[in-house]
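Here are the chains, one letter per residue:
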Amino acid sequence: MPHDENSTAGRVATQERIETLEADTEIPAPDLDTRPPSSGATRQANDDLRSLEAGLDRLQTDPEHAPRAWQRFTTSVLPPILFVLALIAAWQLYVVIAQPRPDIVPGPLDVLAAMSQAWESGRLQTAVLTSLERGVVGFLIAVVVGTPLGLLLAEVKPLRRAVGPIISGLQVLPSVAWVPAAILWFGLTDATVYFVVLMGATPSIVNGLIAGVEQVPPQLRRVGTVLGAGRTRLATLVVLPAALPGYVAGLKQGWAFSWRSLMAAEIIAVGGTIGFGLGSMLQQSRELADIGGVLAAVLVILFIGILIELVFFAPLERRMLRRRGLLGGTR
Amino acid sequence: MSGQTAIRIEQLGKRFGAGPLVLDDVNLSVGAGEFVCLLGASGCGKSTLLNLIAGLDRPTTGTIDVPAEGAAVMFQESALMPWLTARQNVELALRLRGVARSARRGEALELLDTVNLADAAEKRPHELSGGMRQRVALARALAQDRPVLLMDEPFAALDAITRDLLHEELERVWRRTGRTIVFVTHNVREAARLGQRVVLLSSRPGRVAGEWRIAETSGRRIESPEVAALSIEITEQLRKEIRRNAA
(Lines give C-alpha, C1' and ligand atoms only; values in the text may rest on other atoms or scores of the structure.)
Protein backbone atom coordinates (compact mmCIF):
# COMPACT_ATOMS: atom_id res chain seq x y z
CA MET A 1 0.00 0.00 0.00
CA PRO A 2 2.66 2.59 0.78
CA HIS A 3 4.21 1.93 -2.58
CA ASP A 4 1.19 3.14 -4.45
CA GLU A 5 1.30 6.32 -2.50
CA ASN A 6 4.97 6.67 -3.18
CA SER A 7 4.53 6.56 -6.88
CA THR A 8 2.15 9.46 -6.71
CA ALA A 9 4.36 11.36 -4.33
CA GLY A 10 6.52 13.62 -6.42
CA ARG A 11 7.57 12.84 -9.93
CA VAL A 12 8.80 9.31 -10.09
CA ALA A 13 11.54 8.89 -12.59
CA THR A 14 10.68 5.78 -14.52
CA GLN A 15 13.67 3.63 -15.24
CA GLU A 16 13.58 0.28 -16.88
CA ARG A 17 15.80 -1.29 -14.27
CA ILE A 18 13.60 -0.38 -11.37
CA GLU A 19 11.60 -3.19 -10.02
CA THR A 20 8.98 -2.46 -7.48
CA LEU A 21 8.87 -5.08 -4.84
CA GLU A 22 6.34 -5.79 -2.22
CA ALA A 23 7.48 -4.36 1.07
CA ASP A 24 6.82 -7.68 2.77
CA THR A 25 9.53 -9.49 0.88
CA GLU A 26 12.07 -6.73 1.26
CA ILE A 27 11.81 -5.70 4.84
CA PRO A 28 13.37 -7.83 7.52
CA ALA A 29 11.00 -8.98 10.21
CA PRO A 30 11.53 -6.90 13.35
CA ASP A 31 11.39 -9.95 15.60
CA LEU A 32 14.82 -11.01 14.34
CA ASP A 33 15.98 -8.44 16.83
CA THR A 34 17.51 -10.52 19.55
CA ARG A 35 18.28 -13.71 17.71
CA PRO A 36 21.84 -14.13 16.57
CA PRO A 37 22.26 -14.59 12.85
CA SER A 38 21.48 -18.23 12.21
CA SER A 39 23.05 -19.15 8.93
CA GLY A 40 26.73 -19.95 8.81
CA ALA A 41 27.32 -17.61 5.88
CA THR A 42 26.04 -14.55 7.71
CA ARG A 43 27.98 -15.49 10.80
CA GLN A 44 31.08 -15.78 8.69
CA ALA A 45 30.40 -12.37 7.16
CA ASN A 46 29.80 -10.89 10.60
CA ASP A 47 33.06 -12.27 11.91
CA ASP A 48 34.85 -10.85 8.91
CA LEU A 49 33.36 -7.45 9.52
CA ARG A 50 34.19 -7.73 13.20
CA SER A 51 37.86 -8.46 12.68
CA LEU A 52 38.10 -5.87 9.92
CA GLU A 53 36.65 -3.24 12.18
CA ALA A 54 38.84 -4.26 15.10
CA GLY A 55 41.91 -3.95 12.87
CA LEU A 56 40.89 -0.52 11.61
CA ASP A 57 40.09 0.65 15.13
CA ARG A 58 43.54 -0.42 16.25
CA LEU A 59 45.14 1.44 13.34
CA GLN A 60 43.21 4.62 13.95
CA THR A 61 43.78 4.99 17.67
CA ASP A 62 46.96 5.43 19.65
CA PRO A 63 47.19 4.02 23.12
CA GLU A 64 47.42 6.99 25.46
CA HIS A 65 50.44 7.13 27.68
CA ALA A 66 49.94 8.51 31.14
CA PRO A 67 52.76 10.91 31.94
CA ARG A 68 55.31 9.32 34.21
CA ALA A 69 55.89 10.86 37.63
CA TRP A 70 59.54 11.57 36.93
CA GLN A 71 58.73 13.16 33.59
CA ARG A 72 56.12 15.37 35.23
CA PHE A 73 58.61 16.38 37.89
CA THR A 74 61.26 17.41 35.38
CA THR A 75 58.89 19.22 33.04
CA SER A 76 56.52 21.04 35.37
CA VAL A 77 57.86 21.02 38.94
CA LEU A 78 61.58 21.53 38.49
CA PRO A 79 61.65 24.65 36.24
CA PRO A 80 59.80 27.01 38.61
CA ILE A 81 61.81 25.77 41.60
CA LEU A 82 65.06 26.41 39.75
CA PHE A 83 63.84 29.85 38.75
CA VAL A 84 62.97 30.81 42.34
CA LEU A 85 66.34 29.57 43.58
CA ALA A 86 68.06 31.64 40.91
CA LEU A 87 66.02 34.68 41.94
CA ILE A 88 67.02 34.28 45.59
CA ALA A 89 70.63 33.81 44.61
CA ALA A 90 70.55 37.00 42.54
CA TRP A 91 68.96 38.87 45.43
CA GLN A 92 71.63 37.66 47.85
CA LEU A 93 74.34 38.52 45.36
CA TYR A 94 72.96 42.05 45.01
CA VAL A 95 72.88 42.53 48.78
CA VAL A 96 76.46 41.27 49.14
CA ILE A 97 77.84 43.37 46.27
CA ALA A 98 75.84 46.62 46.52
CA GLN A 99 75.57 46.65 50.33
CA PRO A 100 72.23 48.58 50.46
CA ARG A 101 70.82 49.88 53.76
CA PRO A 102 69.50 46.80 55.56
CA ASP A 103 66.45 48.70 56.84
CA ILE A 104 65.38 49.34 53.21
CA VAL A 105 66.66 46.33 51.28
CA PRO A 106 67.14 43.37 53.57
CA GLY A 107 68.81 40.21 52.30
CA PRO A 108 67.04 36.88 51.94
CA LEU A 109 68.53 35.76 55.23
CA ASP A 110 67.07 38.77 57.09
CA VAL A 111 63.65 37.96 55.70
CA LEU A 112 64.07 34.34 56.71
CA ALA A 113 65.05 35.47 60.18
CA ALA A 114 61.94 37.68 60.43
CA MET A 115 59.84 34.76 59.30
CA SER A 116 61.26 32.36 61.88
CA GLN A 117 60.89 35.01 64.56
CA ALA A 118 57.20 35.34 63.71
CA TRP A 119 56.94 31.57 63.76
CA GLU A 120 58.56 31.27 67.19
CA SER A 121 56.25 33.87 68.69
CA GLY A 122 53.31 32.00 67.16
CA ARG A 123 52.10 35.10 65.27
CA LEU A 124 52.74 33.54 61.86
CA GLN A 125 50.73 30.41 62.60
CA THR A 126 47.82 32.43 63.99
CA ALA A 127 47.88 34.79 61.02
CA VAL A 128 48.05 32.02 58.43
CA LEU A 129 45.28 30.01 60.07
CA THR A 130 43.00 33.03 60.50
CA SER A 131 43.51 34.22 56.94
CA LEU A 132 43.18 30.77 55.40
CA GLU A 133 40.00 30.04 57.31
CA ARG A 134 38.44 33.34 56.26
CA GLY A 135 39.66 33.00 52.72
CA VAL A 136 38.24 29.50 52.35
CA VAL A 137 34.96 30.22 54.13
CA GLY A 138 34.51 33.48 52.23
CA PHE A 139 35.26 31.71 48.94
CA LEU A 140 32.79 28.93 49.72
CA ILE A 141 30.08 31.49 50.51
CA ALA A 142 30.88 33.16 47.17
CA VAL A 143 30.54 29.77 45.42
CA VAL A 144 27.19 29.12 47.08
CA VAL A 145 25.94 32.57 46.08
CA GLY A 146 27.59 32.74 42.66
CA THR A 147 26.67 29.33 41.26
CA PRO A 148 22.85 29.60 41.28
CA LEU A 149 23.12 33.23 40.25
CA GLY A 150 25.35 32.29 37.32
CA LEU A 151 23.04 29.47 36.26
CA LEU A 152 20.02 31.74 36.43
CA LEU A 153 21.71 34.43 34.36
CA ALA A 154 23.03 31.89 31.84
CA GLU A 155 19.65 30.27 31.24
CA VAL A 156 17.36 33.32 31.40
CA LYS A 157 18.42 35.58 28.54
CA PRO A 158 16.48 38.78 29.38
CA LEU A 159 17.84 38.66 32.90
CA ARG A 160 21.35 38.28 31.60
CA ARG A 161 20.95 41.26 29.29
CA ALA A 162 19.89 43.35 32.26
CA VAL A 163 22.24 42.10 34.97
CA GLY A 164 25.20 40.79 32.95
CA PRO A 165 26.95 44.13 32.33
CA ILE A 166 26.63 45.09 35.99
CA ILE A 167 28.24 41.83 37.08
CA SER A 168 31.06 42.31 34.58
CA GLY A 169 31.44 45.86 35.88
CA LEU A 170 31.69 44.60 39.44
CA GLN A 171 34.58 42.46 38.32
CA VAL A 172 36.47 45.58 37.30
CA LEU A 173 35.75 47.39 40.56
CA PRO A 174 38.57 46.66 43.03
CA SER A 175 36.86 45.06 45.99
CA VAL A 176 38.99 47.18 48.37
CA ALA A 177 36.62 49.96 47.41
CA TRP A 178 33.97 48.18 49.47
CA VAL A 179 36.02 48.25 52.67
CA PRO A 180 34.99 51.72 53.92
CA ALA A 181 31.33 51.00 53.25
CA ALA A 182 31.60 47.60 54.88
CA ILE A 183 33.19 49.09 57.99
CA LEU A 184 30.34 51.59 58.27
CA TRP A 185 27.76 48.83 57.82
CA PHE A 186 29.25 46.00 59.83
CA GLY A 187 31.81 47.72 62.03
CA LEU A 188 35.20 46.16 62.69
CA THR A 189 33.88 42.59 62.65
CA ASP A 190 34.52 39.49 60.57
CA ALA A 191 31.36 40.31 58.62
CA THR A 192 33.22 43.20 57.04
CA VAL A 193 35.96 40.87 55.82
CA TYR A 194 33.49 38.30 54.48
CA PHE A 195 31.48 40.98 52.72
CA VAL A 196 34.54 42.28 50.90
CA VAL A 197 35.63 38.76 49.92
CA LEU A 198 32.13 37.99 48.67
CA MET A 199 32.02 41.12 46.52
CA GLY A 200 35.45 40.27 45.16
CA ALA A 201 34.88 36.62 44.27
CA THR A 202 31.23 36.32 43.25
CA PRO A 203 31.43 38.23 39.92
CA SER A 204 34.28 35.99 38.73
CA ILE A 205 32.38 32.84 39.57
CA VAL A 206 29.19 34.11 37.93
CA ASN A 207 31.04 35.23 34.82
CA GLY A 208 32.95 31.97 34.58
CA LEU A 209 29.77 29.97 34.73
CA ILE A 210 28.02 32.17 32.15
CA ALA A 211 31.00 31.91 29.82
CA GLY A 212 31.07 28.14 30.32
CA VAL A 213 27.39 27.78 29.49
CA GLU A 214 27.71 30.02 26.45
CA GLN A 215 30.49 27.86 25.09
CA VAL A 216 28.50 24.64 25.29
CA PRO A 217 28.35 23.41 21.68
CA PRO A 218 24.75 23.72 20.39
CA GLN A 219 25.18 20.17 19.06
CA LEU A 220 25.21 18.77 22.57
CA ARG A 221 22.01 20.59 23.50
CA ARG A 222 20.40 19.32 20.33
CA VAL A 223 21.43 15.76 21.10
CA GLY A 224 20.10 16.14 24.63
CA THR A 225 16.75 17.25 23.24
CA VAL A 226 16.69 14.43 20.72
CA LEU A 227 17.46 11.94 23.48
CA GLY A 228 14.39 13.20 25.28
CA ALA A 229 15.74 15.48 27.98
CA GLY A 230 13.40 18.16 29.29
CA ARG A 231 14.55 21.57 30.47
CA THR A 232 15.74 20.48 33.90
CA ARG A 233 17.48 17.30 32.84
CA LEU A 234 19.06 19.09 29.89
CA ALA A 235 20.53 21.58 32.36
CA THR A 236 21.78 19.02 34.89
CA LEU A 237 22.87 16.19 32.57
CA VAL A 238 24.15 18.10 29.57
CA VAL A 239 24.64 21.84 30.00
CA LEU A 240 26.22 21.90 33.47
CA PRO A 241 28.79 19.18 32.86
CA ALA A 242 29.57 20.65 29.47
CA ALA A 243 30.10 24.06 31.07
CA LEU A 244 32.40 22.68 33.74
CA PRO A 245 35.70 23.91 32.22
CA GLY A 246 34.45 27.50 32.18
CA TYR A 247 33.04 27.12 35.66
CA VAL A 248 36.30 25.79 37.06
CA ALA A 249 38.21 28.64 35.40
CA GLY A 250 35.76 31.02 37.09
CA LEU A 251 36.28 29.30 40.44
CA LYS A 252 40.02 29.60 40.07
CA GLN A 253 39.78 33.28 39.35
CA GLY A 254 37.23 33.63 42.14
CA TRP A 255 39.70 32.16 44.61
CA ALA A 256 42.41 34.57 43.45
CA PHE A 257 40.02 37.47 43.94
CA SER A 258 38.96 36.14 47.34
CA TRP A 259 42.52 35.97 48.55
CA ARG A 260 43.39 39.41 47.23
CA SER A 261 40.27 41.03 48.64
CA LEU A 262 40.88 39.37 51.96
CA MET A 263 44.39 40.76 52.21
CA ALA A 264 43.19 44.23 51.26
CA ALA A 265 40.44 44.08 53.86
CA GLU A 266 42.82 42.84 56.55
CA ILE A 267 45.33 45.59 55.87
CA ILE A 268 42.75 48.36 56.05
CA ALA A 269 40.42 47.05 58.74
CA VAL A 270 42.43 46.38 61.87
CA GLY A 271 41.12 46.20 65.43
CA GLY A 272 37.66 45.62 66.83
CA THR A 273 36.72 41.96 66.83
CA ILE A 274 38.59 41.33 63.59
CA GLY A 275 41.09 38.54 64.17
CA PHE A 276 44.79 38.68 63.41
CA GLY A 277 45.39 37.67 59.81
CA LEU A 278 48.29 37.88 57.38
CA GLY A 279 47.17 41.31 56.22
CA SER A 280 47.12 42.49 59.82
CA MET A 281 50.59 41.09 60.31
CA LEU A 282 51.78 42.94 57.23
CA GLN A 283 50.26 46.19 58.47
CA GLN A 284 51.78 45.71 61.94
CA SER A 285 55.25 45.20 60.48
CA ARG A 286 54.85 48.37 58.44
CA GLU A 287 53.96 50.33 61.56
CA LEU A 288 57.10 48.99 63.21
CA ALA A 289 59.13 49.94 60.09
CA ASP A 290 60.22 46.29 60.01
CA ILE A 291 60.95 45.76 56.31
CA GLY A 292 62.08 42.18 56.93
CA GLY A 293 58.70 41.42 58.52
CA VAL A 294 56.85 43.16 55.67
CA LEU A 295 58.64 41.15 53.01
CA ALA A 296 58.22 37.98 55.01
CA ALA A 297 54.45 38.55 55.16
CA VAL A 298 54.30 39.34 51.42
CA LEU A 299 56.17 36.13 50.65
CA VAL A 300 53.90 34.07 52.88
CA ILE A 301 50.79 35.57 51.23
CA LEU A 302 52.21 34.81 47.80
CA PHE A 303 53.27 31.33 48.83
CA ILE A 304 49.83 30.40 50.15
CA GLY A 305 48.18 31.72 47.00
CA ILE A 306 50.47 29.59 44.85
CA LEU A 307 50.10 26.57 47.12
CA ILE A 308 46.30 26.54 46.90
CA GLU A 309 46.52 26.88 43.14
CA LEU A 310 49.05 24.05 42.89
CA VAL A 311 47.52 21.52 45.27
CA PHE A 312 43.86 22.19 44.56
CA PHE A 313 42.96 23.96 41.32
CA ALA A 314 45.74 22.79 39.03
CA PRO A 315 45.15 19.03 39.56
CA LEU A 316 41.38 19.54 39.36
CA GLU A 317 41.68 21.42 36.09
CA ARG A 318 44.26 19.07 34.62
CA ARG A 319 42.20 16.01 35.43
CA MET A 320 39.06 17.51 33.95
CA LEU A 321 40.78 18.66 30.76
CA ARG A 322 42.58 15.35 30.27
CA ARG A 323 39.35 13.42 30.60
CA ARG A 324 37.84 15.56 27.88
CA GLY A 325 40.89 15.33 25.63
CA LEU A 326 41.44 19.08 25.88
CA LEU A 327 44.98 18.72 27.15
CA GLY A 328 47.49 18.41 24.31
CA GLY A 329 49.35 15.17 25.00
CA THR A 330 51.39 15.06 28.18
CA ARG A 331 52.79 18.56 28.01
CA MET B 1 4.37 -4.56 10.98
CA SER B 2 5.53 -4.92 7.40
CA GLY B 3 3.58 -2.97 4.87
CA GLN B 4 2.55 -0.33 7.36
CA THR B 5 3.51 3.26 6.89
CA ALA B 6 5.98 4.61 9.45
CA ILE B 7 6.33 8.15 8.18
CA ARG B 8 3.79 9.99 6.05
CA ILE B 9 4.58 13.44 4.74
CA GLU B 10 1.89 15.35 2.88
CA GLN B 11 2.17 18.63 1.00
CA LEU B 12 4.94 19.72 3.27
CA GLY B 13 6.25 23.25 2.90
CA LYS B 14 8.84 25.05 4.95
CA ARG B 15 10.17 28.56 4.94
CA PHE B 16 12.29 30.26 7.57
CA GLY B 17 10.84 33.61 8.55
CA ALA B 18 10.26 35.69 5.44
CA GLY B 19 12.97 33.86 3.49
CA PRO B 20 12.46 31.81 0.31
CA LEU B 21 10.71 28.46 0.35
CA VAL B 22 13.12 25.76 1.45
CA LEU B 23 10.76 22.84 0.94
CA ASP B 24 7.78 22.93 -1.37
CA ASP B 25 4.98 20.40 -1.63
CA VAL B 26 6.99 17.42 -0.47
CA ASN B 27 5.02 14.17 -0.42
CA LEU B 28 6.65 11.04 0.84
CA SER B 29 5.72 8.00 2.78
CA VAL B 30 8.13 5.55 4.27
CA GLY B 31 7.08 2.01 5.09
CA ALA B 32 7.83 0.46 8.45
CA GLY B 33 11.25 -1.15 8.32
CA GLU B 34 12.15 0.54 5.06
CA PHE B 35 15.60 2.02 4.34
CA VAL B 36 15.17 5.27 2.42
CA CYS B 37 17.98 7.52 1.27
CA LEU B 38 17.22 11.20 0.77
CA LEU B 39 19.61 12.52 -1.80
CA GLY B 40 20.20 16.05 -3.00
CA ALA B 41 22.71 18.77 -3.73
CA SER B 42 23.55 21.41 -1.17
CA GLY B 43 20.66 23.68 -0.32
CA CYS B 44 17.97 21.17 -1.22
CA GLY B 45 16.65 21.23 2.31
CA LYS B 46 17.35 17.59 3.08
CA SER B 47 18.61 18.37 6.56
CA THR B 48 15.63 20.67 7.06
CA LEU B 49 13.34 17.84 6.07
CA LEU B 50 15.07 15.52 8.51
CA ASN B 51 14.78 18.06 11.33
CA LEU B 52 11.08 18.37 10.57
CA ILE B 53 10.63 14.60 10.73
CA ALA B 54 12.62 14.55 13.97
CA GLY B 55 10.30 17.17 15.42
CA LEU B 56 13.18 19.59 15.99
CA ASP B 57 11.37 22.12 13.82
CA ARG B 58 7.82 22.78 12.66
CA PRO B 59 6.50 22.74 9.10
CA THR B 60 5.10 25.94 7.62
CA THR B 61 2.45 24.05 5.70
CA GLY B 62 1.41 20.42 5.32
CA THR B 63 1.59 17.54 7.73
CA ILE B 64 4.06 14.98 8.96
CA ASP B 65 2.94 11.79 10.67
CA VAL B 66 5.57 9.90 12.59
CA PRO B 67 5.17 7.07 15.10
CA ALA B 68 4.09 8.31 18.51
CA GLU B 69 7.34 7.05 20.05
CA GLY B 70 9.23 9.55 17.92
CA ALA B 71 12.51 9.12 16.12
CA ALA B 72 16.14 8.68 17.03
CA VAL B 73 18.56 11.00 15.25
CA MET B 74 22.20 10.68 14.29
CA PHE B 75 24.12 13.71 13.07
CA GLN B 76 27.19 14.26 10.95
CA GLU B 77 29.18 14.97 14.09
CA SER B 78 28.96 12.19 16.62
CA ALA B 79 28.15 14.84 19.28
CA LEU B 80 29.12 12.51 22.10
CA MET B 81 29.39 14.04 25.54
CA PRO B 82 33.16 14.51 25.92
CA TRP B 83 33.15 13.98 29.68
CA LEU B 84 31.48 10.57 29.46
CA THR B 85 32.95 7.25 28.35
CA ALA B 86 31.48 5.41 25.37
CA ARG B 87 29.41 3.27 27.73
CA GLN B 88 28.22 6.26 29.76
CA ASN B 89 27.19 8.03 26.57
CA VAL B 90 24.97 5.11 25.66
CA GLU B 91 23.76 4.92 29.25
CA LEU B 92 22.73 8.56 29.09
CA ALA B 93 20.32 7.72 26.28
CA LEU B 94 18.99 4.77 28.29
CA ARG B 95 18.58 6.97 31.36
CA LEU B 96 16.66 9.60 29.41
CA ARG B 97 14.50 6.80 28.02
CA GLY B 98 13.67 5.81 31.59
CA VAL B 99 15.58 2.53 31.83
CA ALA B 100 16.21 1.51 35.45
CA ARG B 101 19.71 2.21 36.73
CA SER B 102 20.50 -1.45 37.36
CA ALA B 103 19.69 -2.47 33.78
CA ARG B 104 21.58 0.35 32.08
CA ARG B 105 25.11 -0.96 32.25
CA GLY B 106 24.36 -4.36 30.76
CA GLU B 107 22.16 -2.97 28.04
CA ALA B 108 24.74 -0.32 27.12
CA LEU B 109 27.47 -2.95 26.82
CA GLU B 110 25.20 -5.08 24.67
CA LEU B 111 24.49 -2.15 22.35
CA LEU B 112 28.18 -1.34 22.10
CA ASP B 113 28.80 -4.95 21.21
CA THR B 114 26.23 -4.61 18.44
CA VAL B 115 28.52 -2.06 16.80
CA ASN B 116 31.65 -4.09 17.64
CA LEU B 117 32.85 -1.70 20.28
CA ALA B 118 32.65 -3.79 23.44
CA ASP B 119 36.38 -3.37 24.00
CA ALA B 120 36.23 0.41 23.83
CA ALA B 121 33.39 0.80 26.32
CA GLU B 122 35.51 2.59 28.91
CA LYS B 123 37.22 4.91 26.45
CA ARG B 124 36.32 8.58 26.20
CA PRO B 125 35.34 10.14 22.88
CA HIS B 126 38.69 11.84 22.32
CA GLU B 127 40.42 8.47 22.53
CA LEU B 128 38.27 7.05 19.73
CA SER B 129 38.70 7.43 15.98
CA GLY B 130 36.04 9.22 13.94
CA GLY B 131 34.52 5.94 12.80
CA MET B 132 34.40 4.57 16.31
CA ARG B 133 32.72 7.74 17.56
CA GLN B 134 30.05 7.41 14.91
CA ARG B 135 29.51 3.80 15.94
CA VAL B 136 29.07 4.91 19.55
CA ALA B 137 26.60 7.50 18.26
CA LEU B 138 24.81 4.70 16.40
CA ALA B 139 24.69 2.60 19.56
CA ARG B 140 23.33 5.62 21.41
CA ALA B 141 20.66 6.13 18.75
CA LEU B 142 19.73 2.45 19.02
CA ALA B 143 19.55 2.86 22.79
CA GLN B 144 16.65 5.24 22.29
CA ASP B 145 14.71 2.25 21.03
CA ARG B 146 12.57 4.22 18.62
CA PRO B 147 11.12 2.54 15.54
CA VAL B 148 12.51 5.24 13.26
CA LEU B 149 16.17 6.17 12.88
CA LEU B 150 17.00 9.42 11.12
CA MET B 151 20.54 9.91 9.93
CA ASP B 152 21.89 13.25 8.73
CA GLU B 153 25.00 12.58 6.64
CA PRO B 154 26.45 10.53 9.47
CA PHE B 155 29.45 9.27 7.50
CA ALA B 156 30.26 12.38 5.49
CA ALA B 157 33.29 13.32 7.58
CA LEU B 158 34.87 9.85 7.51
CA ASP B 159 37.58 8.47 5.28
CA ALA B 160 36.53 6.11 2.48
CA ILE B 161 37.74 2.90 4.10
CA THR B 162 35.97 3.62 7.36
CA ARG B 163 32.84 4.71 5.53
CA ASP B 164 32.72 1.41 3.61
CA LEU B 165 32.89 -0.52 6.85
CA LEU B 166 30.23 1.61 8.47
CA HIS B 167 27.95 1.01 5.49
CA GLU B 168 28.23 -2.71 6.13
CA GLU B 169 27.78 -2.19 9.84
CA LEU B 170 24.67 -0.06 9.34
CA GLU B 171 23.18 -2.51 6.88
CA ARG B 172 23.74 -5.34 9.34
CA VAL B 173 22.18 -3.36 12.20
CA TRP B 174 19.22 -2.48 9.99
CA ARG B 175 18.62 -6.10 9.02
CA ARG B 176 18.93 -7.21 12.62
CA THR B 177 16.75 -4.59 14.23
CA GLY B 178 14.17 -3.91 11.54
CA ARG B 179 14.33 -0.18 12.11
CA THR B 180 12.87 2.28 9.64
CA ILE B 181 15.81 4.33 8.45
CA VAL B 182 15.80 7.69 6.68
CA PHE B 183 19.33 8.43 5.60
CA VAL B 184 20.23 11.87 4.28
CA THR B 185 23.28 12.18 2.05
CA HIS B 186 24.73 14.17 -0.83
CA ASN B 187 26.79 11.18 -1.90
CA VAL B 188 25.07 9.42 -4.80
CA ARG B 189 27.04 6.20 -4.44
CA GLU B 190 26.34 6.05 -0.75
CA ALA B 191 22.63 6.36 -1.45
CA ALA B 192 22.78 3.68 -4.16
CA ARG B 193 24.80 1.44 -1.88
CA LEU B 194 22.55 1.69 1.16
CA GLY B 195 18.95 2.44 0.27
CA GLN B 196 16.04 0.23 -0.66
CA ARG B 197 14.71 3.37 -2.14
CA VAL B 198 16.53 6.53 -3.16
CA VAL B 199 14.56 9.77 -3.16
CA LEU B 200 16.11 12.65 -5.08
CA LEU B 201 15.30 16.17 -3.90
CA SER B 202 15.61 19.15 -6.20
CA SER B 203 17.13 22.34 -4.87
CA ARG B 204 15.56 25.69 -3.99
CA PRO B 205 12.90 24.86 -3.24
CA GLY B 206 13.33 21.23 -2.29
CA ARG B 207 10.85 18.96 -4.04
CA VAL B 208 10.85 15.25 -4.72
CA ALA B 209 12.47 15.07 -8.16
CA GLY B 210 12.82 11.35 -8.61
CA GLU B 211 12.62 7.97 -6.94
CA TRP B 212 14.49 4.75 -7.48
CA ARG B 213 13.76 1.38 -5.94
CA ILE B 214 16.40 -1.23 -5.55
CA ALA B 215 15.18 -4.80 -5.82
CA GLU B 216 18.11 -6.75 -4.54
CA THR B 217 19.68 -5.09 -1.53
CA SER B 218 21.79 -7.86 -0.06
CA GLY B 219 25.42 -8.31 -0.97
CA ARG B 220 25.82 -4.79 -2.32
CA ARG B 221 29.18 -3.07 -2.06
CA ILE B 222 30.15 0.45 -2.95
CA GLU B 223 32.13 -0.97 -5.92
CA SER B 224 29.38 -3.33 -7.13
CA PRO B 225 28.46 -2.82 -10.80
CA GLU B 226 24.76 -2.46 -10.03
CA VAL B 227 25.54 0.29 -7.50
CA ALA B 228 27.71 2.01 -10.10
CA ALA B 229 25.03 1.71 -12.79
CA LEU B 230 22.35 3.14 -10.54
CA SER B 231 24.71 5.92 -9.45
CA ILE B 232 25.18 6.97 -13.05
CA GLU B 233 21.46 7.16 -13.60
CA ILE B 234 20.85 9.11 -10.44
CA THR B 235 23.77 11.44 -11.10
CA GLU B 236 22.36 12.28 -14.52
CA GLN B 237 19.05 13.22 -13.02
CA LEU B 238 20.77 15.12 -10.21
CA ARG B 239 22.81 17.14 -12.70
CA LYS B 240 19.68 17.97 -14.63
CA GLU B 241 18.17 19.32 -11.45
CA ILE B 242 21.27 21.35 -10.64
CA ARG B 243 21.45 22.79 -14.17
CA ARG B 244 17.93 24.06 -13.77
CA ASN B 245 19.32 26.51 -11.22
CA ALA B 246 21.75 28.01 -13.74
CA ALA B 247 19.00 29.61 -15.80
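What counts, and at which threshold
Residues numbered from 1 in each chain as written. Chains lettered and ligands numbered in written order. Predicted model: local features only at pLDDT ≥ 70, side-chain atom pairs only at ≥ 80, totals over all residues. Heavy atoms only, no water. UniProt positions renumbered as here; feature names shortened; annotations may be inferred. Domains from an automatic or database assignment. Contact = heavy atoms within 4.5 Å. Buried area = accessible area lost by both parts, 1.4 Å probe. Salt bridge = Lys/Arg side-chain N within 4 Å of Asp/Glu carboxyl O. Polar contact = N/O pair within 3.5 Å; in protein donor to acceptor, adjacent residues only side chain to side chain. Helix = DSSP H or I, 4+ residues; strand = E, 2+ residues; numbered from the N terminus. Nonpolar A, V, L, I, M, F, W, Y, C, P; charged D, E, K, R; others polar.

As recorded in an unreviewed UniProt entry, chain B goes by the name ABC transporter ATP-binding protein, listed as coming from Agromyces fucosus.

As annotated in an unreviewed UniProt entry, chain A is ABC transporter permease from Agromyces fucosus. In UniProt, chain A has this text filed under Sequence similarities (unreviewed entry): "Belongs to the binding-protein-dependent transport system permease family." Per UniProt, chain A has the following entry under Subcellular location (unreviewed entry): "Cell membrane".

All names here are of chain B. Domains assigned within chain B are domain 1 (1-70 + 148-247) and domain 2 (80-145). Of the residues lining the interface, 12 residues belong to domain 1; the matching set on domain 2 comes to 11 residues. Summing both partners gives a buried area of about 940 Å² for domain 1 against domain 2, and 68% of it is carried by carbon and sulfur. Considering only the surface of domain 1 that becomes buried against domain 2, Glu 169, Val 173 and Arg 179 emerge as the three largest contributors, covering 40% of it. At the surface where domain 1 touches domain 2, the tally comes to one salt bridge. With a shortest N-O distance of 4.0 Å, Asp 145 and Arg 179 are connected by a salt bridge. If you look at where domain 1 meets domain 2, you find three residue pairs in polar contact (both at pLDDT 80 or more). Counting residues per element, the ones that place at least two in the side of domain 1 that touches domain 2 are β6 (148-152) and α5 (160-177). Per-class residue counts for the side of domain 1 that touches domain 2 are seven nonpolar, one polar and four charged.

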